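What follows is the residue order along each chain.
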Amino acid sequence: MFGSNLSRITRHVNKIREMKVGLENVKVVQVCSHSHRKEATGIQKFVKDYLPALKFHNTEIAFTNVNKKETDPTLELHFEDGVVQKLDCSNISKDQVLEDLLKADKNFKAKEKVEFFGKEISI
């Protein structure tokens, strides 16, 4: 009995180690899901399958999970320069949620800081 639980946990840990997904520009990820809404099935499976690996490989990012009845299934991304982007995750699969998260991170371009007459400005 103990051996089967240990092997199940070992498989899960090895699966998390193999999923190397890095986020470069995101500082905070807030996952809004509700466990009893049909349109939130994809984000619920995302939380179960992909969120542990994202947390493991991105230790500098703060991940929060809001599970309230009032929330719509969304991902709220806070980028380095304070920009907040919400991704609607209603009626999409867990793979599409991950793909949307990676696209949003990749498409975000941090503002370049330039020194202009002794002052640092963002362009």
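Here is what the cut-offs are and how they apply
- Residues numbered from 1 in each chain as written.
- Predicted model: local features only at pLDDT ≥ 70, side-chain atom pairs only at ≥ 80, totals over all residues.
- Heavy atoms only, no water.
- Salt bridge = Lys/Arg side-chain N within 4 Å of Asp/Glu carboxyl O.
- Helix = DSSP H or I, 4+ residues; strand = E, 2+ residues; numbered from the N terminus.
- Buried < 20%, exposed > 50% of the residue type's maximum accessible area, 1.4 Å probe, protein only.
- Pairing = 2+ DSSP bridges.
- Axes fitted to C-alpha atoms, helices over the stretch in contact; angles between N-to-C directions.
- Contact = heavy atoms within 4.5 Å.
- Parallel < 35°, antiparallel > 145°, perpendicular 65-115°, else oblique.
- Nonpolar A, V, L, I, M, F, W, Y, C, P; charged D, E, K, R; others polar.
- pLDDT = per-residue confidence, 0-100.

A. Quick peek at the pattern of salt bridges. What the rule picks out here adds up to four salt bridges. For lysine 86, the salt bridge is made with glutamate 76, and the minimal N-O distance between the two is 3.7 Å. Of the two residues, lysine 86 is situated in strand S4 (residues 84-88) and glutamate 76 in strand S3 (residues 74-79); the sequence distance between them amounts to ten residues. Taking the relative accessible area as the measure of exposure, glutamate 76 reaches 14% and is therefore buried.

B. Spotlight on the sheet that holds strand S1 (residues 26-32). Across the sheet, which stays open at both edges, the four strands sit in the order S2-S1-S3-S4 with mixed pairing between neighbours. The two strands at the open ends of the sheet, each matched to only one other strand, are strand S2 (62-66) and S4. Within this sheet the neighbouring strands show an average axis-to-axis angle of 15 degrees, counted without direction. Relative to S4, S3 runs antiparallel, the two being bridged by five bridges. Bridge assignment links histidine 78 to a residue of S4, and that residue is valine 84. Of the strands in this sheet, S1, S3 and S4 are in contact with helix H4 (residues 94-107), which crosses S3 at around 20 degrees.

C. How the structure looks around the packing of helix H2 (residues 41-49) against H4. Contact geometry for H2 and H4: axes closest at 7 Å, N-to-C directions at 75 degrees. Judged by the angle between their axes, H2 and H4 are roughly perpendicular. Together, Gly42, Ile43, Lys45, Phe46 and Asp49 of H2 and Lys94, Val97, Leu98 and Leu101 of H4 make up the contact between the two elements. When the residues that make up the contact of H2 with H4 are grouped by side-chain class, the tally is five nonpolar, one polar and three charged.

D. Here's a closer look at the confidence of the model for the protein. Per-residue confidence for the protein gives a mean pLDDT of 80, with 80% of residues at or over 70. The secondary structure element of the protein with the lowest average pLDDT is strand S6 (residues 119-122), at 60, and the one with the highest is S4, at 93.

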